[in-house]
Amino acid sequence: MDERELLTRARAGEPAAERALYEAHVDRVYRLTYRLAGSEDLAQDFTQDTFIRAFERLGDFRGDSSFGTWLHSIAVSVSLNGLRKVKRLRAREADLDDARDHGWTARRAEPDLRARLAQAIDALPPGYRTVFVMHDVEGFTHEEIAGTLGLQPGTSKAQLSRARAKLRAALADYAGEWTA
Amino acid sequence: MTDDGFEEFLQREARGYNAPPPTPREEMWARIDAERRTRRAGREVTIARRRVWWTVGAGIAAALVLGVGIGYVWRERVQPVRVAQEPNPVSPATGVTTPSTPSVIAPGAANTPPASGAGRDATPSPREERAAYAAMTVEHLSRAEALLTSFRVESEHGTVDPQVTAWAGDLLGTTRLLLDSPGARDPRLHKLLGDLELVLTQIAQLHAGQGGPKNATHDELQLIDQSLRSRDMLTRIRSATPAGGGARGALSTGT
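Structure report, in brief.

About the criteria used
Residues numbered from 1 in each chain as written. Chains lettered and ligands numbered in written order. Predicted model: local features only at pLDDT ≥ 70, side-chain atom pairs only at ≥ 80, totals over all residues. Heavy atoms only, no water. Patch = residues over 30% accessible without salt bridge, like charges linked within 9 Å, V, L, I, M, F, W, Y side chains within 5 Å. Areas by Shrake-Rupley, 256 points an atom, 1.4 Å probe, with all protein chains shown as cover. Salt bridge = Lys/Arg side-chain N within 4 Å of Asp/Glu carboxyl O. Helix = DSSP H or I, 4+ residues; strand = E, 2+ residues; numbered from the N terminus. Buried < 20%, exposed > 50% of the residue type's maximum accessible area, 1.4 Å probe, protein only. Contact = heavy atoms within 4.5 Å. Buried area = accessible area lost by both parts, 1.4 Å probe. Polar contact = N/O pair within 3.5 Å; in protein donor to acceptor, adjacent residues only side chain to side chain. Nonpolar A, V, L, I, M, F, W, Y, C, P; charged D, E, K, R; others polar. Core = buried A, V, L, I, M, F, W, Y, C linked by side-chain atoms within 4.5 Å. Expected span 1.5 Å × (residues − 1). Bend = angle between axes of the 7 residues up to and from the residue.

1. Topic: a nonpolar patch on the surface
Residues and elements named next belong to chain B.
Okay, so step 1: Together, V52, W53, V56, I60 and L64 make up an exposed nonpolar region whose accessible area comes to about 560 Å².
Okay, so step 2: Mapping I60 onto the fold places it in helix α2 (residues 25-78).
Okay, so step 3: On the accessibility criterion, I60 (52% relative accessible area) is exposed.

2. Section: the interface of chain A and chain B
Okay, so step 1: With 38 residues of chain A at the interface, the matching set in chain B holds 33 residues.
Okay, so step 2: In this assembly, chain A packs against chain B so that about 3,600 Å² is buried in total across both faces, 57% of it on carbon and sulfur atoms.
Okay, so step 3: On the chain A side of the contact with chain B, A:R35, A:R168 and A:W178 bury the most area, a combined 17% of that side's loss.
Okay, so step 4: Along the contact surface separating chain A from chain B lie 7 salt bridges.
Okay, so step 5: Across the pair A:R164 and B:E7 runs a salt bridge whose closest N-O atoms are separated by 3.6 Å.
Okay, so step 6: In this structure, the connection of chain A to chain B is made through 16 residue pairs in polar contact (both at pLDDT 80 or more).
Okay, so step 7: Broken down by secondary-structure element, the contributors of at least two residues to the side of chain A that touches chain B are α2 (15-37), α3 (40-56), α5 (113-122), α6 (126-137) and α8 (153-170) of chain A.
Okay, so step 8: Take the side of chain A that touches chain B: its biggest share by element is 11 residues, from α2(A).
Okay, so step 9: Counted by class, the side of chain A that touches chain B contains 19 nonpolar, 5 polar and 14 charged residues.

3. Some details on the nonpolar core
Most often, soluble globular proteins keep nonpolar side chains buried together rather than apart.
Okay, so step 1: Counting 58 residues, the largest nonpolar core has A:Y22, A:F51, A:F67, A:F132, A:L167 and A:L171 as its most contacted members.
Okay, so step 2: Among the elements that take part in this core, α2(A) stands out by supplying 10 residues, more than any other.
Okay, so step 3: Leave out the neighbours within four places in its chain, and A:F132 touches A:I121, A:L124, A:V137, A:L160, A:A163, A:R164, A:L167, B:L10 and B:A14.
Okay, so step 4: In terms of nonpolar packing, the next biggest core, distinct from the first, is built from 28 residues, B:L147, B:V199, B:L200 and B:I237 among them.

4. Description of α2(A)
Okay, so step 1: The first and last C-alpha atoms of α2(A) sit only 29 Å apart over 23 residues, clearly below the 33 Å expected at 1.5 Å per residue.
Okay, so step 2: Where α2(A) bends most, at A:H25, the angle is about 50°.

Structure (structure tokens):
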């Protein structure tokens, strides 16, 4: 059964068709949400929310892009919105921690290059980070990224270039270790 | 950009960024399925509730439309199709018009006298209002005539009964009401009521004076009597209130 037929049946409310669509796309959606969230709980929440929304709005899907691209755009939107909420929550918690740790002067251990890279990626602006994660981490093409994020492929390439430049600047202290 | 190997480093190391564990397919599907069922049930409840409200609303609307329709048809059937106004009869002797009752002809009852009040509007017509005002005025003036007569008889003996002054106080209030009424547009009647108010005030104030009306001085009583005579009060009141107390005399409702 091809995806078009599955979509028709799913639109009619057939649970088996919904399950088949889920099975076909859940891995890539989960990987993407996990890469963006960096947490198993958040990734599961975002994946579930993505499929629930997709099944409820299946009537809105016109087939202009592939179902996968449409699903990924929902996943990115859900993840970024969810992360924004989490960030606000963590910022409040951090304020409390700062107040608690006031006067603590112990020097933190210098992270290794891999950990520093992860921190640098986390610190990228959301738009750059999304393009970087999709392209360099998950292997999406610029056309796929453009379709998912509603950009021109050229914009996707430009954002990836700026993301890499920012990472290079963030890791300047480690210059020379990259080839090791 | 690749001369220092940074992009190769990124491609090699970035794959390890937030490396996901195996997908918990069944676990997530169970939650998705449960959530979808809950939402579907909630939607069905909402739809059912809306349906109930629509049914109730439609029932109320239908009852209202039916009620208005029945009322309209009923009103059409009992409403007079023609109101014939007969000219007011004029008394040949006095030239004063008297109120007349409009003839109401209901459907199916043409040329037959209508039942009392049938098909008539509850709101009185201006003519009816004028007739009611005239009747009240005549009754009031009759009482005032009786009061003034009593006062004159008693004042001749040098004393006035407190009941007379209290009576004057009562009539004073009614006089003011009649003066303020839109019916008091007739200048003659307005002047008569104005003079009556003044005299009644003088009589009513006798009671308020030191020692009460029984101890009213001769001068006070003389002053009131003079006021009565100079204004020709009793004659004017009698000409305005014919014997029998009908709403005729100087009071005309046809004007």
